[in-house]
Structure formats: C-alpha cells, structure tokens
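Fold and geometry: a report
One-letter residues, chain by chain:
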Amino acid sequence: MIKPANKEPYQQAYYPPVPTGLTRAMRNNIVWQIVRFFVINMKMLKLMRKSH
Amino acid sequence: MARVVVLGAGIAGHTAARYLHLWLPKAHEIVVVSPNPKWNWIPSNIWVGVGQLTEQDVTFDLAEIYKKTRIDFRQAKGLSLHPEGNAASARPYVTVESTLPGREGQLENIEYDYLINATGPKLNFGATEGLGPEQGHTVSVCTAGHAKEANDKLQVLVDALKRGEKKTIVIGTGHGTCTCQGAAFEYIYNVDHILREQGVRQQARIVWLSNEYELGDFGMGGVHIERGGYITNGKTFAESLMVERGIEWIVRAHVKKVEAGKIHYETLDGSFHALESDFSMLIPPFSGVGLKAFGRAENDLTAQIFAPSGFMKVDADYTARPYADWSAADWPRTYQNPSYANLFAIGIAFAPPHLISKPMQSANGTPINPAPPRTGMPSAAMAIAVAKSIRDLLNGAEKPTHTASMAQMGAACVASTGAHLLRGSAATMTVYPIVPDYEKYPEYGRDLELTFGEIGLAGHWMKTLLHHTFIYQARMLPGWRLLPD
C-alpha cells in the first residue's frame, strides 16, 4: 500500500475553516433551504424598513 | 412648468425617472439622457459571462419603455453642464451629443430647472496597461456586451480543458484602487461552478487576485457577523469558501500591466510579481465620465463642481482627515451640489468624501485600497430620496426634504456562487449601515442584528427572484410601484 503524502502545513489553505459534510448537505437540502429562503426574506425586509 | 433632466439611465437614473414620472404633476417635463439605448440589470451580467443567460435576458430597450410614459428619452451622452446658462440666457442647460444611429455627434443644449447626474462610472481600463477587452488582454463583466464576450472566450477555454489541457484562470481587480469586488467574487465562483458541471474543474488552476487588504473586505472594510457562538470577521467565511472550492488567492495587489498570458502586479510590501494566465477577468477602476462645467462667461467650473476623480461633489464633508478622524457624518445625505442647488448626483456619479476601507500605500507609494462600493440598493434609495426632494422643491420647499445617507442605510448583496435550481448557491450578505458608524456601534461600527451572511441554495433562489422582480419593475409593468426597490 502506498503511504499517502503528509498534508503540507502552514500553507494558505491550511488555516480557514472548511464546512463539514452536514453543513454542505444542508446548504442544498430543499426543506431546510425553503425555511432559510423565508428567513432571508424577513431579514431583508427588516433591513429595508430600517433603511428607509 | 419645470423641466427635470436625468443624465444616465442605469439603476440610479432610471429609478429617479420612474418616480419623478409617478410623483410630478403632468405640467412638468422629465427628460432622460443616456448614451446607451438599453437598460441593463448589471447584477445578472455574471450569468451572461458564463453562458447561463443571454444579453437579451438582462437588457431591454429604454425608448420602448419611455414611449409608454411622458418621459422624453434622448439617446445621447452628456458633455458639459452650464449651470449659469450663457451670455444669451441665464437658464441652466446641459450640452449633449447624440449617439443615436444616423445622428451620431449632433450636439444639443437641453435647458433644465433641476438636473440629476446619474451617469455611473467610466470603466477606466486605460489606468492599467493591457487591461480590458477592447485594447487589452482581459475580459470584463461590467456590461452585458462585455459579459457575452467573456463567455465566448470562456467556452473556448472549456473546450481546451476538455481536451485535457491545463489552464490558469485569474479573476479579480485590475488596479489598486478598484471597487466592485463583488462582481469578480460572483464571477470566480460561477466559473468554478461551470467547470465542475462540465467535469473539467481538476484541469484548471483558479486564482483570485485583488486589491483588498484581506478577503471579504469588498471596499467596506470587511464586516463582522455572529455565527456559531462567535462574532467573526467576514474574512473567515470568504477564505473558507475559497478553500472549499480549491481557489487560491492573492490580496493587497495592484495590477501594473497585463500582457498576453501574463499579469504583472505589485503588492503592499513593495515587491513585484508576475502571474501566468490563460483567461483573466479583471474589474477596471472607475472614474467620472468626464463631464465638464462652464460658467456664464464660459469660465471653467469643472474643478468647483467635480472632484479630481470626475465624480460630482455633493453635500459630503470633503475635508481631508486621517482615517481615525473619519465619521459617518462625512457622508452625503441629500446629494445636492453645494455650489448649485438645482444639481444633484446619485449612484456612482457622486464623489464619496473618502474611502470606507482604510487607505494603504505600498512601500513604493502605490495606493492599494478598494474604493467604496455603491451598489444597486443604495443607488435606488438615493434616487428615490432625490426624486422626492425635487418634487417638494417644485412644490415650494426651500431645501431638499429627503435624505439617504450610506451611513444610515443598509445594503443587501446576494452574490451568486453557482446558478442551478437545485445545485446552485449564493452568499447572501446584508450590512447595516454600509458606512461603519463607530459612534452608534462602538465595537464593530455596524448593527450585528442586521448584518449577517450565509451560503446556500436559498440565496440562489433569492438572486433569481430579484433578477425577475427588478427587471419587471424597471420595465414599468403593471403594479411596478408596489415592488420594493
């Protein structure tokens, strides 16, 4: 079996947080995204009310 | 009877014209002057740039729309303002040059009682050698035509990737003083999405190259949002998305020169670099469109009415101060010119008092800092405030009655990161206020209740909804006035 290469540390891509599989799945989960669609709409309406 | 002239028919100018049409008594005239025959929903140009929409999907003929109203449309570009009239008459006028086919170059003087300057920016590709689709080696998504050309070249690149060739794609800003990083941000993720859909992503190296000090600055000095039990800077999320999509990034960069296949840039530490590129989309810096202004005796008033950048001075506080002394109160509220009370400037056409991001210079003295963004939502808010003020001034008010300061309004940005009904996504971001107000919000300059961001499919649906809603509204179809701006 070939030993996989060690992950190179201290590089640009080494530090930022990376979404887990669950986070990525929820971004495209239809039911959850329908909920988020309404939440985003509410947040935007609140923002617009405060801006005008 | 009065005449209101609107120079420019982009998001700001067309919004002002729509509401003037709605609110001014019929006795008053509204004239819109634009060199472009078409209105363009610019936020969707990025989808034209990857072949998911056509030019026709994001534009429509202004003359056709205005024909159904009492708005008098002149296809022409503004050349000079004459706010004191001339030797023959004291009535102010603007000199315009026709761009209508068959009448190109013909000059006309249009008298006005009020003038709204909403010309938008000049796309200043000339500021960087080799930048731009016409004289240079990069593509652009700043106009629908540019975006179509970008897609044509992108498809050639995709074909090469399908043949197994390796290519480097560079997307970002083409000068140290650019704004509009958001458009480049959307484009890089849409290109990434298209390459994944085509199964060729592994063949391409994609690099973000920008003048931001850190990712996620967007010319607003970045944002802080609450997430996962922490108050976190937007940089974290911007970097996270880059890593997730396998995109490299270079920030604090001023592009000095673009050659075929090579981009030369300087970074804030004063060092110089070159980056090989097979396809690059770099946003140009913006400047004013070059309007001049003359007094009654043909004396040059340009420096009095316009800032050195070419944008029009309004009721901002332009006193030069260090960053630590900047204040939310520096930002304009009424958009009225301080010298001539019947002149207003909105959208990108007004001169900001200073940057929002902290000014930076390289070790060689090169400014490398994003200019302030002036996106669709604040542009429309300014247009509505100025239209209301002009309505009230015509009714006898002594000074502008409505305000729309960028330090007192929020902005929503839905940045596409891939277009598809089920597999698409977008980063939805809101900030309040756009210009940080450290007197009101001492810790972060913004209201964290109204400043948020998230990525997901819902954002893509939102962006699609906004695309159709705003084009419907701009076409002035039945019920347009009921839709939010």
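In short, a report on the structure. Just so you know, these numbers come straight off a predicted model, no measurement behind them.

The rules behind each value
Position numbers for residues start from 1 in each chain and track the written sequence from start to end. Each chain takes a letter, starting from A, and each ligand takes a number, starting from 1, following the order in which they are written. Reporting in this predicted model follows two pLDDT cut-offs: at least 70 for local features of residues, and 80 or more for side-chain atom pairs to be given and counted; totals over whole chains, interfaces and linings ignore these cut-offs and use all residues. Secondary structure elements are defined from DSSP: runs of H or I of at least 4 residues count as helices, runs of E of at least 2 residues count as strands, and each element is numbered from the N terminus. Our radius of gyration is a C-alpha quantity, and the globule rule it is checked against amounts to 2.2 Å times the number of residues to the power 0.38. The exposure scheme places C-beta atoms from the backbone and then counts, for each residue, the other C-beta atoms within 10 Å of its own, assigning buried at 20 or more, exposed at 12 or fewer, and partly exposed in between. Here, axes are lines fitted to C-alpha atoms. For helices the fit covers the stretch in contact, and angles between N-to-C directions go from 0 to 180 degrees. Left-handed describes a crossing in which the near helix is turned anticlockwise from the far one by less than a right angle; the clockwise case is right-handed. With C-beta atoms placed from the backbone, a contact is any residue pair whose C-beta atoms sit within 7 Å. When residues are grouped by polarity, Ala, Val, Leu, Ile, Met, Phe, Trp, Tyr, Cys and Pro land in nonpolar, Asp, Glu, Lys and Arg in charged, and all others, Gly among them, in polar. When buried Ala, Val, Leu, Ile, Met, Phe, Trp, Tyr and Cys residues are joined through C-beta atoms within 7 Å, the set is termed a nonpolar core. Any two strands are treated as partners once DSSP identifies two or more bridges connecting them. Expected span of a helix, by definition, is 1.5 Å for each gap between consecutive residues, and there is one gap fewer than residues.

**A word on the overall build of chain A**
Within chain A one finds two helices and zero strands. Over its C-alpha trace chain A gives a radius of gyration of 20 Å, far above what one expects of a compact globule, namely 10 Å for 52 residues. Across its three principal directions, the C-alpha atoms of chain A cover 60 × 25 × 10 Å. Across the 52 residues of chain A, 10% fall into the buried class.

**A few points about unusual backbone geometry**
All names here are of chain B. Backbone torsion omega between Tyr 432 and Pro 433 reads -10 degrees, so that peptide bond is classified as cis. In this fold, Pro 433 is placed in the loop between strand 23 (425-431) and strand 24 (452-456). Backbone geometry at Cys 180 places phi at a positive 65 degrees, although glycine is not the residue there. Among the secondary structure elements, Cys 180 is positioned in the loop between strand 10 (167-173) and helix 6 (181-197). With 25 C-beta atoms packed within 10 Å, Cys 180 lands in the buried category. With phi around 55 degrees, Phe 218 is a residue other than glycine that occupies positive phi space. Along the chain, Phe 218 falls in the loop between strand 11 (204-209) and strand 12 (224-227).

**Let's talk about the packing of helix 1 (residues 11-23) of chain B against helix 9 (residues 376-394) of chain B**
Residue and element names in this part refer to chain B. Relative orientation of the contacting elements helix 1 and helix 9 amounts to 35 degrees, with a least axis distance of 8 Å. Along this stretch, helix 1 crosses helix 9, giving a crossing that reads as right-handed. Residues Ile 11, Ala 12, Thr 15, Ala 16, Tyr 19, Leu 20 and Trp 23 of helix 1 pack against Gly 376, Ser 379, Ala 380, Met 382, Ala 383, Ile 384, Val 386, Ala 387, Ile 390 and Arg 391 of helix 9. Of the residues contributing to the contact of helix 1 with helix 9, the split by class is 13 nonpolar, three polar and one charged.

**Points about the interface of chain A and chain B**
Contacts between chain A and chain B engage 19 residues on the former and 25 residues on the latter. Of the residues forming the side of chain A that touches chain B, the biggest block, eleven residues, is contributed by helix 2 (residues 30-51) of chain A. Residues that form the side of chain A that touches chain B fall into these classes: ten nonpolar, four polar and five charged.

**Observations regarding the nonpolar core**
Formed by 153 residues in total, the largest nonpolar core has its most connected members in Ala16(B), Val32(B), Ile188(B), Val191(B), Ile346(B) and Val386(B). Looking at this core element by element, the count peaks at ten residues for helix 9 of chain B.

**Description of the sheet that holds strand 24 of chain B**
Residues and elements named next belong to chain B. Taken together, three strands build an open sheet; the order of strands is 22-23-24 and the sheet is antiparallel. Strand pairing shows two members of the sheet lacking a second neighbour, strand 22 (411-418) and strand 24, which therefore form its edges. Adjacent strand axes in the sheet meet at a mean angle of 10 degrees, parallel and antiparallel pairs treated alike.

**Structural notes on the environment of Pro367(B)**
Position of Pro367(B) among the secondary structure elements: in the loop between strand 21 (343-345) and helix 9. Spatially, the C-alpha atoms of Pro367(B) and Gly176(B) are 6.1 Å apart, while their sequence positions differ by 191 residues.

**Quick word on helix 9 of chain B**
Given 3.6 residues per helical turn, the α-helix brings residues three or four places apart onto the same face. Residues and elements named next belong to chain B. Taking 1.5 Å per residue as the helical rise, helix 9 with its 19 residues ought to reach 27 Å, and the 27 Å between its terminal C-alpha atoms agrees with that figure. Burial within helix 9 is extensive, with 15 of its 19 residues counted as buried. Trailing helix 9 by a residue or two, Gly 396 shows a phi angle of about 110 degrees, which is positive.

**Considerations on the sheet that holds strand 14 (residues 248-250) of chain B**
All names here are of chain B. The four strands lie next to each other as 14-11-10-18, forming an open sheet whose pairing is parallel. The outermost strands of the open sheet, each flanked by one partner alone, are strand 14 and strand 18 (279-283). Across the sheet, the mean angle separating the axes of adjacent strands is 15 degrees when strand polarity is ignored. Bridge count between strand 10 and strand 11: six bridges; the pairing is parallel. Bridge pairing links Thr 168 to Arg 205 in strand 11. Each of strand 10, strand 11 and strand 18 is contacted by helix 6, which is oriented at about 155 degrees to strand 10, the strand it contacts most.

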